[in-house]
Amino acid sequence: MDIQAAQIRIAELREILRENSRRYYVDNAPTMSDYEFDQLMHELERLEAEFPQFDSPDSPTRRVGSDLDAPVGANAESGARQGFVQRPHRYPMLSLGNTYSISEIEEFAARADKALDGMPFTYSCELKFDGTAICLSYRKGRLVQALTRGDGIQGDDVTENVRRIPGIPQQLQGDYPEEFEIRGEILMPYAAFDALNREREAQEEAPFANPRNAASGSLKLIDPEEVAHRGLICTLYHIPAESVTFASHSEALDAAARWGLPVSEDRRICHGIHEIKAFIDHWDSARKFLPYATDGIVIKINELACQRMLGYTAKSPRWAVAYKFKAEQACTELLSIDYQVGRTGAVTPVANLAPVQLSGTLVKRATLNNADQMALLDIRVGDWVFVEKGGEIIPKITGIDPARRVPGAERPAFPDRCPDCGTPLVRGEAEAKWFCPNQDGCPMQIKGRLLHFVSRKAMDILAGDMTVDQFYAAGLARTAADLYDISKYQLLSLEGWQDRAAQRFLDSLDASRQVPFERVLFALGIRYVGETTAKGLARHFGDIDALAAATREQLLEVEDVGEVIACSVFEFLHNPAHLEQIARLRAAGLRFSGAGQDAALSDALAGKTVVISGNFSISRERMKDLIVAHGGKAGSSVSARTAFLLAGAKPGPEKLRKCEKFGVPVVSEEEFMAMLPETASAGLPSGANPQPAAIEEPTLF
Ligand code: IVH
């Protein structure tokens, strides 16, 4: 790879990894599988080693993912507490190096052998628990503090919540040290996870994607009493060596178990690579019968003197490594390949598959990434292919079964013209993908940009694939600014649009005028500018004029912005067509200044926890933002502490029942809007509760 290609890829990987780390640790809603994340991290590590001139102390390869409490309104679970107190860790709370290959475990063992130079040592092999990390502090045998990992340097203080988790002793017994720390994982067993998701669905709340997210979301709930009912458990696996005086890690854990702390018995002392492999083999299948999730095996050098000799890198100990189990795979037949054009013009091959069950869902489509990936797999239509879940929705093809190849199966030809507009495709030297260069005329790109603009994380406008298709076909919208010119009359002339749906769309358009600058910036769809970069740029420059006036050098001053992003932003904001768009959006009333989340609009709801249920004239996300912007908190379930239930159309019966039980008032959308000061709710709807319109969400797969 040449230097320019490496620089682009490094910038791209850093943005992807930062974004997904935030989704994983803060939102508890990852969109990428752990395996994919780890592969991208390894790719970045390799590139940074090969091109050290692009080193950065901020790179995700040098920092542990941060779970620090999200800024107001940004947490996935509405009942999550905003603003935990953050406290420093006495010893940094690091991550673990990981691998999916046994040969890299062999290399780890060989490196340890060499570095320890004849010192005798053993390995402690343990399960890798898939929950959320916790650090407990005991003083005089009493639990005095519990911190999340946070960014490794400081964590959120969740002591009161942890006190409600059964199995974590408030008071130790026996010969415990005067003061020490112990670390481990908070887990939600499968049974509790299933029960919680059933309850959430009954209450019309989005279910958690997996037990890890559920554990992490539950640990940060507002109400410690609610935490007590989440069925969380804890298992502890690490006492920082500085904290105690044992000779080995296993002795320290045995002692912790005697003091009454929850320590897993599923650990073994292994004397060499053969025993390690046997332990891995055993648990690769046996773990399926455990009542909680595990995602691998952790192999630690057991003797603390040896651990001290090996020490740490910036991010992880040199005395431990995690072997991670691969995600579940399915094998099915490749029926055909479609080529999809994204909003940037990138062409992605998508496989149509004979439907197959994979981790509980029926998979019919999977991505093949790009032409190189197709060539690498040497894939043919009719092949039997291996499919893996890639995070939330998009599965991907990871290999083929050569033994089942049909003789004479033809190699598919990657198109040389855009499958949508017929323009010859181009591919820059540094690019992995082929692109359609017809930015202004290619319908898929135009519609893709509109879809990105209206998406929930961007402007949160109630429009999906079909709506954007309709607008495009009717000539109503080619650019984002066109959306704000659409009239009710025009909407009603479209097939299937009735007054209620039209009003809902217009209301959501209206509400988008309150979307903070950083999200507007993200919505513009500048290449390489994801949510995190947009936030950084908005914070640094404060408004679009300052950003547009910035030189490339000034852009580079922003944290995490490198050459590639700086160039992309600079070029975007020096393109007259884009500037005209921005001027129109500004005239339409969008926010092009101000950093951070919604500015505080009033303190009308100060000190009040409001639970919402049902459908409103604006999206629930916006409704929650509104509650927060007026000083309130958005709660997840009704309790005696709830100030009121904000009920839209069709509120959840369970929530209504709880309101009756606790005497919590039920407030309609109209009554709610009336509580807010006139000026502050300007631009937001104040009408009666319309029925929800059937507006489709954009779905590719
Ligand atoms: S030891 C200095 N042991 O996996 C690091 N970690 O992906 C000490 N984890 O950050 C960690 N099971 O949250 C250790 N048996 C185990 C573990 C374990 C799960 C977590 C831990 C760590 C993460 C790395």
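What counts as what
Residues numbered from 1 in each chain as written. Predicted model: local features only at pLDDT ≥ 70, side-chain atom pairs only at ≥ 80, totals over all residues. Heavy atoms only, no water. pLDDT = per-residue confidence, 0-100. Contact = heavy atoms within 4.5 Å. Near = heavy atom within 4 Å. Polar contact = N/O pair within 3.5 Å; in protein donor to acceptor, adjacent residues only side chain to side chain. Areas by Shrake-Rupley, 256 points an atom, 1.4 Å probe, with all protein chains shown as cover. Helix = DSSP H or I, 4+ residues; strand = E, 2+ residues; numbered from the N terminus. Buried < 20%, exposed > 50% of the residue type's maximum accessible area, 1.4 Å probe, protein only. Pairing = 2+ DSSP bridges. Axes fitted to C-alpha atoms, helices over the stretch in contact; angles between N-to-C directions. Disulfide = S-S within 2.5 Å. Phe/Tyr/Trp six-rings, centres within 6.5 Å; stacked < 30°, edge-to-face > 60°. Lys NZ or Arg CZ within 6 Å of the ring centre and 35° of its normal. Parallel < 35°, antiparallel > 145°, perpendicular 65-115°, else oblique. Nonpolar A, V, L, I, M, F, W, Y, C, P; charged D, E, K, R; others polar.

**Q** An account of the confidence of the model for the protein is needed here, citing residue identities and associated values.
**A** In this model, the protein carries a mean pLDDT of 86, and residues with pLDDT of at least 70 account for 90%. With pLDDT under 50 throughout, residues 70-82 is counted as low confidence; its partners more than four residues away or in other chains account for 43 contacts. A low-confidence stretch, residues 679-701 (pLDDT under 50), is modelled with 60 contacts involving residues beyond four sequence positions or located in other chains.

**Q** Can you explain the site of the ligand? Please cite residues and give values.
**A** Taken together, 13 residues are adjacent to the ligand, and Glu126, Leu127, Phe129, Tyr237 and Lys300 come closest. With respect to the ligand, the side chain of glutamate 126 contributes an N or O atom lying 3.0 Å from a nitrogen atom. Between the ligand and glutamate 185, the relevant distance is 3.0 Å, taken from an oxygen atom to a side-chain nitrogen or oxygen of the residue. When the ligand sits alone it has 530 Å² of accessible area, and the protein chains cover 90% of it. When residues of the shell around the ligand are traced back to their parent elements, those giving at least two are β3 (123-129) and β10 (294-301). Among the elements that line the shell around the ligand, the one with the most residues is β3, at 4 residues.

**Q** Provide a residue-level description of the environment of glutamine 581, including the pertinent values.
**A** Structurally, glutamine 581 is set in helix α22 (residues 576-587). Residue class for glutamine 581 comes out buried when judged on its relative accessible area of 16%. Put simply, glutamine 581 and alanine 480 are 101 residues apart on the chain and 7.7 Å apart in space, counted from C-alpha to C-alpha. Ignoring sequence-local partners within four residues, the contact set of glutamine 581 consists of Thr479, Ala480 and Ala481.

**Q** How would you explain the sheet that holds strand β17 (residues 609-613) if you had to name every residue and give the values?
**A** Remark on secondary structure: sheet strands pair via backbone hydrogen bonds, oriented parallel or antiparallel. Pairing within the open sheet is parallel, and its 4 strands lie in the order β18-β17-β19-β20. On the outer flanks of this sheet lie β18 (633-635) and β20 (666-668), each paired with one strand and no other. Direction aside, neighbouring strands of the sheet carry axes that sit 40° apart on average. Pairing geometry for β17 and strand β19 (residues 644-647), over 4 bridges, is parallel. Residue pairing for β19: valine 611 is matched across the bridge by leucine 645.

**Q** Explain the state of the cysteines to me, using residue names and the numbers behind them.
**A** Taken as a whole and judged by the stated rule, the model has 0 disulfides. Cysteine cysteine 135 shares no disulfide, and the gap to the nearest cysteine sulfur, in cysteine 234, comes to 11 Å. The class of cysteine 135 is buried, set by a relative accessible area of 2%. The thiol of cysteine 270 is not disulfide-bonded; the next cysteine sulfur, from cysteine 125, is found 3.6 Å away. By relative accessible area, cysteine 270 is classed as buried at 2%.

**Q** Describe the environment of tyrosine 25, naming the residues involved and giving the relevant values.
**A** With respect to the secondary-structure elements, tyrosine 25 resides in helix α1 (residues 3-25). The partly exposed category is assigned to tyrosine 25, whose relative accessible area is 23%. Beyond its immediate chain neighbours, meaning those up to four positions away, tyrosine 25 contacts Gly65, Ser66, Asp67, Arg149 and Ser216.

**Q** Give a description of helix α6 (residues 211-219) that names residues and reports values.
**A** Since the α-helix packs 3.6 residues into each turn, any two residues three or four apart lie on the same face. Burial analysis of α6 places 9 of its 9 residues in the buried class, which makes it a mostly covered element. Residues of α6 that are buried include every one of Pro211, Arg212, Asn213, Ala214, Ala215, Ser216, Gly217, Ser218 and Leu219, and no others.

**Q** Could you give an account of the side chain of glutamate 48, naming the residues involved and the relevant values?
**A** Topologically, glutamate 48 is positioned in helix α2 (residues 34-50). Exposure remark for glutamate 48: the relative accessible area of 8% places this residue in the buried category. In terms of polar contacts, glutamate 48 uses its side chain to reach the side chain of serine 59, at 2.6 Å. A distance of 2.6 Å separates a polar atom in the side chain of glutamate 48 from a polar atom in the side chain of threonine 61. Those residues in contact with glutamate 48 that lie beyond four places of it in its chain are Ile10, Arg14, Asp55, Ser59 and Thr61.

**Q** Please give an account of the sheet that holds strand β8 (residues 233-238) that cites residues and values.
**A** If you trace the 4 strands from one edge of the open sheet to the other, you get β5-β4-β7-β8, paired in antiparallel fashion. One side of each edge strand has no neighbouring strand; the edge strands of this open sheet are β5 (142-148) and β8. Adjacent strand axes in the sheet meet at a mean angle of 35°, parallel and antiparallel pairs treated alike. Bridging between strand β7 (residues 179-187) and β8 involves 5 bridges; their strand directions are antiparallel.

**Q** If you had to explain the packing of aromatic side chains to someone new, which residues and values would you point to?
**A** On inspection of all chains with the given rule, the structure shows 18 aromatic pairs. Measuring from centroid to centroid gives 6.4 Å for phenylalanine 129 and tyrosine 237, while their planes differ by 0°, and the two rings are stacked. With a gap of 108 residues between them, phenylalanine 129 in strand β3 and tyrosine 237 in strand β8 connect regions that are remote in the sequence. One aromatic cluster in this structure is built from Tyr138, Phe180, Phe246 and Trp259. Its end group placed over the ring of tryptophan 384, arginine 404 keeps NZ or CZ at 3.7 Å from the ring centre. Stacked on the ring of tyrosine 472, the Lys or Arg arginine 478 has its end atom at 4.0 Å from the ring centre.

**Q** Before we move on, could you go through the packing of α1 against helix α18 (residues 531-541) and cite the residues and values that matter?
**A** The interhelical angle for the contact between α1 and α18, taken along N-to-C directions, is 95°, at an axis separation of 8 Å. Classed by the angle they form, the pair α1 and α18 counts as roughly perpendicular. Residue-level inspection shows Glu15, Glu19, Arg22 and Arg23 of α1 in contact with α18, the latter providing Glu531, Thr532 and Thr533. In terms of residue class, the contact of α1 with α18 is built from no nonpolar, 2 polar and 5 charged.

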